[in-house]
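Reading the structure
As a plain string of letters, each chain reads:
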Amino acid sequence: MAALILSLPVMAQKVCAHRGFWQCEDAGNAQNSIASLRQAQDGGFWGSEFDVHLTADSVVVVNHDPTLNGIPIHTSTYRELLKAHLPNGEFIPTLNEYLHQGAKSDCMLVLEIKPQDTVEATLELARRCVWQLRAHGLLDPSRVMFISFSYDACKWIAANIPGFQNQYLEGVEEPEEVFADGINGIDYHYIAFHKHPDWVARAHALGMTVNVWTVDDPEEMRYLKDLGVDVITTNCPDLAAGL
Ligand code: MG
């Protein structure tokens, strides 16, 4: 009698490339570059994270720090930022350029709204992101989600475009507190889930999504996967995808 072989489905972990898949030759180690987004798309990862800031002349640009090679972004015009280059030779991407590339695949765009110098500027940044996403046909919960250390930005997203994944980043608030303010997800540093492993199930019980940053160690990835987080954000997406 032939042996009955049961084939059980393997649930793949959702992997988000932190600042794109930049740790590869083709991206030239340039975080938040167009090339790093393209590499994340080509790698077939679930999502790709990136950070945005607003220039003095109200251009939304993609960069992690509030400075670019020592040039302050918030008090400089976009033209002044063109004096600098990313490590791979690209200019700092505008959000418009970034979304043009983002529209080319189904890779989830995980947009981090960086706190600006004032709450008003942060909300203006959020507003401009929404306008540009709409212009690119990407204002769709299946194509973009939002994360921020700005609680005001998270609350603005919840109030103005409900229905999108919207995760708070500062891992100090209990899921119930975040949920009470209308924010439907948390994206915390992995140490927060060592201190409070029950936060994952408590968030899920409320229908919230759970993301974790920035996890580059395979043992840590396995711990968080077993804990049941929805997404692992990592600088090593190829490693995480193989777990
Ligand atoms: Mg970020």
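Predicted model, so just to flag it, every value in this text is computed and none were measured.

**Notes on unusual backbone geometry**
The backbone of asparagine 29 sits at a positive phi, close to 55 degrees, despite the residue not being glycine. Locating asparagine 29 in the fold gives a position in the loop between strand E1 (14–17) and helix H1 (34–43). Taking relative accessible area as the criterion, asparagine 29 reaches 46% and is therefore assigned partly exposed. Phi is positive for asparagine 32, close to 60 degrees, though the residue is something other than glycine. Tracing the backbone through its elements, the reader meets asparagine 32 in the loop between E1 and H1.

**Some details on the coordination of the magnesium ion**
With distances of 2.0 to 2.1 Å, the protein atoms coordinating the magnesium ion are Glu49 (OE), Asp51 (OD) and Glu112 (OE). Of note, the magnesium ion draws all its donor residues from one chain, in the sequence arrangement E-x1-D-x60-E. Taken together, the residues span a long stretch of sequence, with glutamate 49 in strand E2 (residues 47–54) and glutamate 112 in strand E6 (residues 108–113) at a distance of 63 residues. Given the relative accessible area of 3%, glutamate 49 is considered buried.

**Here we look at the environment of isoleucine 71**
Inspection of the secondary structure puts isoleucine 71 in strand E5 (residues 71–72). Distance in space between the C-alpha atoms of isoleucine 71 and lysine 83 is 8.9 Å, their sequence separation being 12 residues. Leaving out residues up to four positions away in the same chain, isoleucine 71 has contacts with Pro66, Ser76, Glu80, Leu81, Lys83 and Ala84.

**Some points on the packing of helix H4 (residues 119–135) against helix H5 (residues 151–160)**
It is the contact of H4 with H5, at a shortest axis distance of 9 Å, that shows an interaxial angle of 40 degrees. As judged from the angle between their axes, H4 and H5 are oblique. Regarding H4 and H5, the two cross each other, and that crossing is right-handed. Listed contacts from H5 to Val119, Thr122, Leu123, Ala126, Arg127 and Val130 of H4 are Asp152, Ala153 and Trp156. Residue composition of the contact of H4 with H5, grouped by class: six nonpolar, one polar and two charged.

**A word on H4**
When the terminal C-alpha atoms of H4 are compared, their 25 Å separation across 17 residues agrees well with the 24 Å that a helix rising 1.5 Å per residue should span. Considering only its buried residues, H4 is in contact with E2, strand E3 (60–62), helix H3 (95–102), E6, strand E7 (144–148) and H5. The first or second residue beyond H4 is glycine 137, which carries a positive phi of 70 degrees.

**Notes on the environment of valine 215**
Mapped onto the secondary structure, valine 215 falls in the loop between strand E10 (209–213) and helix H9 (218–227). When near neighbours in sequence (up to four residues on either side) are disregarded, valine 215 contacts Tyr190, Glu220, Met221, Leu224, Ile232, Thr233 and Thr234.

**Regarding the confidence of the model for the protein**
Should the pLDDT be low somewhere, the predicted coordinates at that spot are not to be read in detail. Of all residues in the protein, 95% attain a pLDDT of 70 or more, and the chain-wide mean is 95. Segment residues 1–8 is flagged for pLDDT under 50; beyond a separation of four residues in sequence, or across chains, it makes zero contacts in the model.

**Concerning the pattern of salt bridges**
Applying the stated rule across the entire model yields eight salt bridges. Salt-bridge contacts for glutamate 112 lead to lysine 114; the nearest nitrogen and oxygen are separated by 3.0 Å. By the burial criterion, glutamate 112 is buried, and lysine 114 matches it. Measuring nitrogen to oxygen at the nearest pair gives 2.7 Å for the salt bridge that ties arginine 222 to glutamate 219. Here glutamate 219 and arginine 222 lie together in helix H9, a separation of three residues that amounts to about one turn.

**Details of the side chain of threonine 55**
Checked against the element boundaries, threonine 55 lands in the loop between E2 and E3. Within the structure, the side chain of threonine 55 is placed 2.6 Å from the side chain of aspartate 57, a separation counted as a polar contact. At 2.9 Å, the side chain of threonine 55 forms a polar contact with the backbone nitrogen of valine 59. In this view, threonine 55 contacts Val61, Ile73, His74, Ser76, Thr77, Tyr78 and Leu81; residues no more than four positions away in its chain are not counted.

**Side note on the nonpolar core**
Of all hydrophobic cores here, the largest spans 29 residues; its most connected members are Val178, Ile186, Tyr188 and Phe193. Among the secondary structure elements, those contributing two or more residues to this core are E1, H1, H5, strand E9 (185–189), helix H7 (190–195), helix H8 (198–205), E10 and H9. When sequence neighbours within four positions are dropped, the list of residues in contact with phenylalanine 193 reads Ile186, Tyr188, Trp199, Val200, Val210, Asn211, Val212, Tyr223, Leu224 and Leu227. Of all hydrophobic cores here, the second largest spans 27 residues; its members include Leu37, Phe50, Leu109 and Ala153.

Reading the values: the criteria
- Along each chain, residue indices are assigned from 1 in the same order as the chain's sequence is written.
- Per-residue local features of the predicted model are confined to residues with pLDDT of at least 70, and side-chain atom pairs are confined, for both listing and counting, to 80 or more; whole-chain, interface and lining totals are unaffected and use all residues.
- Neither water nor hydrogens contribute to the side-chain values; these are computed over all heavy atoms in the structure.
- Elements are defined by DSSP. Helices are runs of H or I of four residues or more, strands are runs of E of two residues or more, and each kind is numbered from the N terminus.
- Accessibility here uses a 1.4 Å probe with only protein chains present; expressed as a share of the type maximum, an area under 20% marks a residue as buried, one over 50% as exposed, and anything in between as partly exposed.
- Metal donors were taken as nitrogen, oxygen and sulfur atoms no farther than 2.8 Å from the ion, or 3.2 Å where the ion is Na, K or Ca. Water is excluded, so coordination may look unfinished.
- Between two residues, a contact is recorded if the distance between any of their heavy atoms is within 4.5 Å.
- Simply put, an axis is a line fit to the C-alpha atoms, just over the touching stretch for a helix, and the angle between two N-to-C directions goes from 0 to 180 degrees.
- Each angle receives one of four descriptions, namely roughly parallel if under 35 degrees, roughly antiparallel if over 145, roughly perpendicular if within 65 to 115, and oblique otherwise.
- Throughout, a crossing is termed right-handed when the near helix is turned clockwise from the far one, and left-handed when it is turned anticlockwise from it by less than a right angle.
- Each residue is assigned to one class: nonpolar for Ala, Val, Leu, Ile, Met, Phe, Trp, Tyr, Cys and Pro, charged for Asp, Glu, Lys and Arg, and polar for all the others, Gly among them.
- Here a helix's expected span is defined as the number of its residues, less one, multiplied by 1.5 Å.
- The predictor reports its confidence for every residue as pLDDT, a score running from 0 up to 100.
- The term salt bridge refers to a side-chain nitrogen of Lys or Arg lying within 4 Å of a carboxyl oxygen of Asp or Glu.
- Each polar contact in these results corresponds to two N or O atoms within 3.5 Å; when the atoms are within protein, one needs to be able to donate a hydrogen and the other to accept it, and residues that are neighboring in sequence are counted only if both atoms are side-chain atoms.
- Only buried Ala, Val, Leu, Ile, Met, Phe, Trp, Tyr and Cys residues count toward a nonpolar core, and they belong to the same one when joined by side-chain atoms within 4.5 Å.

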